Amino acid sequence: MRAQGFDFIVVGAGSAGCAIAARLAADESRQVLLLEAGGRGRRPETVVPALYSRLFRSSVDWAYRTEPQAELNGRRLFWPRGRMLGGSSAMNDMVYVRGNAADFDGWAAQGNDGWDHASLLPYFRAAEADLWGRSGGSADRWTAPRTADFLAAAERAGLTGNDGFNGEHQEGVGRHRVAQIRGRRVSAADVYLRPVVDRANLTVVTGARVTGLVYCGQRVVGVRWVRHGHAEHARATSEVVLSGGAVNTPALLMASGIGDAAELRRLGIDVRADLPGVGRNLQDHLMVPMCWRSVEPTSLIDGRRPGRILEYLRHRSGPLSSNIGQAGAFVRSRSGLDAPDLQLVFAPVLLDGIRDERVVEPTEHGYSIGAVLLQPGSRGRITLRSADPLAAPRIDPGYLTDPADLATLVRGVRLALRIGGTAPLAGAAKAPHRLADADDDQLISAIRAGIDTMFHPVGTARMGCDEFAVVDSTLAVHGVEGLRVADASVMPTITRGNTHAPVTAIAERAADLILRGTPVPQTAGGR
Ligand SMILES: Cc1cc2nc3c(=O)[nH]c(=O)nc-3n(C[C@H](O)[C@H](O)[C@H](O)COP(=O)(O)OP(=O)(O)OC[C@H]3O[C@@H](n4cnc5c(N)ncnc54)[C@H](O)[C@@H]3O)c2cc1C
């Protein structure tokens, strides 16, 4: 690119990268470069909430596929990831859930000082103040009739009403807070980047696919990228922050010689740091969509009708303003648990048609309750196929390889069926669910055949102090200098809830760690 140096280079302008770049650029004495592989992402489908699945497989989607999953009847799942300013926050379902206090206290208990819930709260609050102002968050502007039925049925089935999952108690059933303002999506780029993009000390380059790190000895001093077919590079005098997300960050680390030494050598990559944990510890949330055709001809597919389009254009309301997963619940599926192990997601539309590889929009009216496994025991891995930094990495999530995961999901599906069979929701269905009287074996078969991702991969460059840790509790990469990771990759364990909010809290804290001058530990520093 240019000979000019920057203090900081941030790679990837997603949920984390936008926040970090904006916070770092608040210090006007520092020059910040933010590199994003995708474009600006200004398309109607990134703004109109209900249209985001139309971005799947488009130019703003990395459109990954997993390896065949043995426990899912050999299916390969489709993994969309945002490739534009805002990253996945510009094409996600907008549900805003901080997570459970136990998640962060668990991270801290593993030796990650400063990551406990109480310490992270100010970062959540800072992120939320910029997202919503003082309101504390909004739900969808418009509630579908079936969503109201779900809330009533769930309470009648024994769940406690909860008007927001981000307060002291996460458990119960209620409407989701969403990353929207007045019926429009608010991505991380909208929150953090667009207000400061004219700052003289912030340079944002789109279309810049970072392909490697530049070293001086063991110190990372810059990055290389390709843009419009040309190789470019820039230097960072302070540090480089990787925020490419849970798939691309470990891939970039490995392509740059940071990973399992034996495997890197096998691929012909020079080893800079032998960190066998890079790419491991992959965790994701899986969801079993339970769907009912509805008696009344109404659901989110009404959004295609001219009157509803007009309603959105005039009032930013109606089905098009919906984030789809309008309501949900957090529950403990058995006694003896300290925190929820299941999430339910209610959508006033048939979800079986718009998920998985088909991504076909539904043509019939209906509604769905998704049963989500919140704390999977299964672990997967991201690996490189070759030394080519532009090649898509191999994604093996290892779904359901821990048998305990299936047992939890069976309880989740039974709970979804119970709520679906409770008034007033029961009366809304054309027919009882086909699995209403199924035994465990039949449920397990249905789970294997129908389960899908919630699009929440995390954990592939995890924080910690053991031999498989990739970053320390300041997010500095072990074994090299001048390099941090700050995105979904660093989570030691996945949070109980959707992952965008905790990623922004990670980013807020990362910027704070960097600006407060926490030194990036020297190579010899212990883990
Ligand atoms: C379809 C979908 C629905 C979801 N629904 C929800 C939801 O409702 N609520 C919720 O909380 N979470 C949801 N999530 C998950 C959430 O959006 C992610 O966990 C979060 O956005 C991850 O943030 P990140 O910063 O780690 O990565 P991302 O936001 O994915 O950002 C990574 C960025 O880095 C860029 N990049 C990657 N590699 C390079 C490179 N080599 N060079 C330059 N740039 C690069 C990418 O293009 C991207 O912009 C959903 C995700 C998807 C895909």
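Residues numbered from 1 in each chain as written. Predicted model: local features only at pLDDT ≥ 70, side-chain atom pairs only at ≥ 80, totals over all residues. Heavy atoms only, no water.

### Things to note about the overall build of the protein
In step 1: Of the regular secondary structure elements, the protein holds 12 helices and 21 strands.
In step 2: If you line up the protein on its principal axes, its C-alpha atoms span 70 × 50 × 40 Å.
In step 3: A burial count over the protein gives 62% of its 527 residues as buried.
In step 4: Pairs at least 24 residues apart make up 72% of the contacts formed inside the protein by residues separated by at least 6 positions. (Helix = DSSP H or I, 4+ residues; strand = E, 2+ residues; numbered from the N terminus. Buried < 20%, exposed > 50% of the residue type's maximum accessible area, 1.4 Å probe, protein only. Contact = heavy atoms within 4.5 Å.)

### Let's talk about the site of the ligand
In step 1: Close to the ligand lie 39 residues, the nearest being Ser 15, Glu 36, Ser 88, Thr 499 and His 500.
In step 2: Ala 16 is positioned with one of its backbone polar atoms (N or O) 3.0 Å from an oxygen atom of the ligand.
In step 3: With the chains in place, 98% of the 1,000 Å² that the ligand exposes on its own is no longer accessible.
In step 4: Mapped onto the shell around the ligand, the elements with two or more residues apiece are helix H1 (15–25), strand E2 (32–36), strand E9 (209–216), helix H7 (245–255) and helix H12 (500–515).
In step 5: In terms of residue class, the shell around the ligand is built from 17 nonpolar, 16 polar and six charged. (Near = heavy atom within 4 Å. Polar contact = N/O pair within 3.5 Å; in protein donor to acceptor, adjacent residues only side chain to side chain. Areas by Shrake-Rupley, 256 points an atom, 1.4 Å probe, with all protein chains shown as cover. Nonpolar A, V, L, I, M, F, W, Y, C, P; charged D, E, K, R; others polar.)

### Re the nonpolar core
In step 1: Residues Ile 9, Val 240, Ile 258, Ile 419 and Leu 483 are the most contacted members of the largest nonpolar core, which totals 161 residues.
In step 2: The biggest single contributor to this core is H12, with nine residues.
In step 3: If near-sequence neighbours (up to four positions away) are discounted, Ile 258 is found in contact with Leu 213, Tyr 215, Leu 253, Leu 264, Arg 272, Ala 273, Leu 275, Val 278, Val 477, Val 480 and Leu 483. (Core = buried A, V, L, I, M, F, W, Y, C linked by side-chain atoms within 4.5 Å.)

### Quick look at the packing of helix H4 (residues 117–132) against H12
In step 1: Relative to each other, H4 and H12 sit at 105 degrees, their axes nearing to 8 Å. Relative to H12, the element H4 is oriented roughly perpendicular. For the pair formed by H4 and H12, the contact residues are Leu 120, Tyr 123, Phe 124, Ala 126 and Ala 127 on the first element and Ala 501, Pro 502, Thr 504, Ala 505, Glu 508, Arg 509 and Asp 512 on the second.
In step 2: Its residues assigned to classes, the contact of H4 with H12 comprises eight nonpolar, one polar and three charged. (Axes fitted to C-alpha atoms, helices over the stretch in contact; angles between N-to-C directions. Parallel < 35°, antiparallel > 145°, perpendicular 65-115°, else oblique.)

### Observations concerning a nonpolar patch on the surface
In step 1: On the surface, a cluster of nonpolar side chains totalling about 260 Å² of accessible area is made up of Ile 309, Leu 310 and Leu 313.
In step 2: Of note, Ile 309 is situated in helix H9 (residues 306–315). (Patch = residues over 30% accessible without salt bridge, like charges linked within 9 Å, V, L, I, M, F, W, Y side chains within 5 Å. Salt bridge = Lys/Arg side-chain N within 4 Å of Asp/Glu carboxyl O.)

### Let's talk about the packing of aromatic side chains
In step 1: A full pass over the atoms with the stated rule returns 12 aromatic pairs.
In step 2: Consider the rings of Phe 56 and Phe 78, whose centres lie 5.7 Å apart with planes at 65 degrees: the pair is edge-to-face. Remark: Phe 78 occurs in strand E4 (residues 78–79) and Phe 56 occurs in the loop between helix H2 (44–47) and strand E3 (64–65); sequence separation between them is 22 residues.
In step 3: For Phe 56, a relative accessible area of 12% gives the class buried.
In step 4: Joined through ring pairs, the aromatic side chains of Tyr 52, Phe 56, Phe 78 and Phe 455 make up one cluster. (Phe/Tyr/Trp six-rings, centres within 6.5 Å; stacked < 30°, edge-to-face > 60°.)

Such coordinate-based values are descriptive only and should not be taken to indicate function.
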